[in-house]
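The lines below spell out each chain.
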Amino acid sequence: MSRRHSAEKREINPDPKFGNLVVSKFMNSIMYQGKKSVAEQIVYGAFDIIKEKTGDDPLKVFKKAIDNVKPSLEVKSRRVGGSNYQVPVEVNPNRRLSLSIRWLVGYARARGDGKTMYEKLANEFLDASNLRGGAVKKREDTHRMAEANKAFAHYRW
């Protein structure tokens, strides 16, 4: 890792259907081997399933799912005097978003309840917006770990 310069942020364009940057970032994280059109079909297909199941605005369900999965605390390893401590730290807003996207995509792919990725993703969004599912459980585990190691908070840097 270079210590001289920080990595510059790449400019991403909003998605074509909703004009939303977060949806575009989500599509980019779903994408395999540069196949953007396939990622678009998956995300928009999941949104169609959500619209069909709930009759609600799928973008609202998506935003609620993202917000419910965002972690506010996490632990980082810190070496002090020959031993490693798990020190709880607050999560940077950009990292919060990227973690929530990563967890939603990962747990949607790991689901066994849907035949297609559309169905898996739609079910994960619906579960996350209702505070259930694997991604929300991951956030709860992260918060629990930070809470358990609160005694080492004075090692924060």
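Fair warning: this is a prediction, and the values are worked out from it, not measured in the lab.

Below, the discussion takes up the side chain of Ser129. Position of Ser129 relative to the elements: it lies in helix α5 (residues 117-129). Ser129 has contacts with Val61, Lys64, Ala65 and Asn68, leaving out every residue within four places of it along the chain.

As a general feature of sheets, a regular strand has side chains that alternate between the two faces. Where strand β1 (residues 73-80) and strand β2 (residues 83-90) come together, eight bridges link them in antiparallel fashion. Bridge pairing links Glu74 to Val89 in β2. The turn joining β1 and β2, which pair antiparallel and follow one another in sequence, is formed by two residues; a positive phi near 60° is taken by Gly81.

In this section: the layout of surface pockets. Of the voids in this model, the largest pocket is the one considered here, and its volume is about 560 Å³. Around the largest pocket, the lining is made up of 15 residues, and of these Lys9, Arg10, Lys25, Asn94 and Ser98 lie nearest the centre. Elements with a contribution of two residues or more to the lining of the largest pocket: α1 (21-30) and α4 (93-110). Sort the elements by how many residues they give to the lining of the largest pocket and α4 lands first, with six residues. Of the residues in the lining of the largest pocket, the class split is three nonpolar, five polar and seven charged.

What counts and what doesn't
Residues numbered from 1 in each chain as written. Predicted model: local features only at pLDDT ≥ 70, side-chain atom pairs only at ≥ 80, totals over all residues. Heavy atoms only, no water. Helix = DSSP H or I, 4+ residues; strand = E, 2+ residues; numbered from the N terminus. Contact = heavy atoms within 4.5 Å. Pairing = 2+ DSSP bridges. 1 Å grid on protein atoms, 1.4 Å probe; cavity = no way out; pocket = protein on both sides within 12 Å on 5 of 7 lines; lining within 4 Å. Points joined across faces, edges and corners; volume = space filled by probe spheres on them. Nonpolar A, V, L, I, M, F, W, Y, C, P; charged D, E, K, R; others polar.

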